[in-house]
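# Examining the three-dimensional arrangement
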Amino acid sequence: LAKPMSFMNLSGGPVNALREFYKVPLGNIVAVHDELDIDYGSLRLKLGGGDNGHNGLKSMTKAMGADYHRVRFGIGRPPGRMQVADFVLKDFGSAERKELDYFVDRAADAVECLVIEGLERAQSTYNS
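Rules behind the numbers
- Residues numbered from 1 in each chain as written.
- Predicted model: local features only at pLDDT ≥ 70, side-chain atom pairs only at ≥ 80, totals over all residues.
- Heavy atoms only, no water.
- Helix = DSSP H or I, 4+ residues; strand = E, 2+ residues; numbered from the N terminus.
- Rg over C-alpha atoms; globule rule 2.2 N^0.38 Å.
- Buried < 20%, exposed > 50% of the residue type's maximum accessible area, 1.4 Å probe, protein only.
- Areas by Shrake-Rupley, 256 points an atom, 1.4 Å probe, with all protein chains shown as cover.
- Polar contact = N/O pair within 3.5 Å; in protein donor to acceptor, adjacent residues only side chain to side chain.
- Contact = heavy atoms within 4.5 Å.

Tallying secondary structure elements over the chain gives 5 helices and 3 strands in all. Its helices and strands in sequence order give the chain the pattern α-β-β-α-β-α-α-α, from N to C terminus. The globule rule puts the C-alpha radius of gyration for 128 residues at 14 Å, and the 15 Å found for the chain is close to it. The principal-axis extent of the C-alpha atoms belonging to the chain is close to 45 × 30 × 25 Å. A buried classification covers 34% of the 128 residues belonging to the chain. Summed over its atoms, the accessible surface of the chain is roughly 8,300 Å², and 54% of this surface lies on carbon and sulfur atoms.

Positionally, Arg-44 belongs in strand β2 (residues 43–47). Arg-44 gets classed as partly exposed once you look at its relative accessible area, which sits at 31%. Along the sequence, Arg-44 and Arg-72 sit 28 residues apart, while their C-alpha atoms lie 5.1 Å from each other.

Moving on, we get to the side chain of Arg-72. Mapped onto the secondary structure, Arg-72 falls in strand β3 (residues 69–74). A polar side-chain atom of Arg-72 sits 3.4 Å from a polar atom in the side chain of Glu-35. Once you skip the residues sitting within four places of it in the chain, Arg-72 turns out to touch His-33, Glu-35, Ile-38, Ser-42, Leu-43, Arg-44 and Lys-46.

Further remarks concern the environment of Ala-63. Within the secondary structure, Ala-63 sits in helix α2 (residues 55–64). What makes Ala-63 partly exposed here is its relative accessible area of 31%. Ignoring sequence-local partners within four residues, the contact set of Ala-63 consists of Gly-12, Gly-13 and Asn-16.

Encoded structure:
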């Protein structure tokens, strides 16, 4: 388990450096990230794909290619005309914070299932 200490937008270099140092195949990398196009608290797991405008994924894909696993944690879309950058950087609201621990635990369980039982089983269990 690794959490780069760099800015999220620059996480590709540190992630790839760790991957190369420990000789981890790209298919064994799992990125857990926020996803605007999924309702708050919902999860989706997948292998590969585009970055959907997510700068952290863009950095990782540039550094090592796109064929890594993703656990996408839904945060929903910004309300009204709020800018996306403002939305993703703001704190969770009080209602969201009440459920956040549960959803983080569920995302961790999804990663564990993905690692132990594989993508198809994890998707059938956790994709909501």
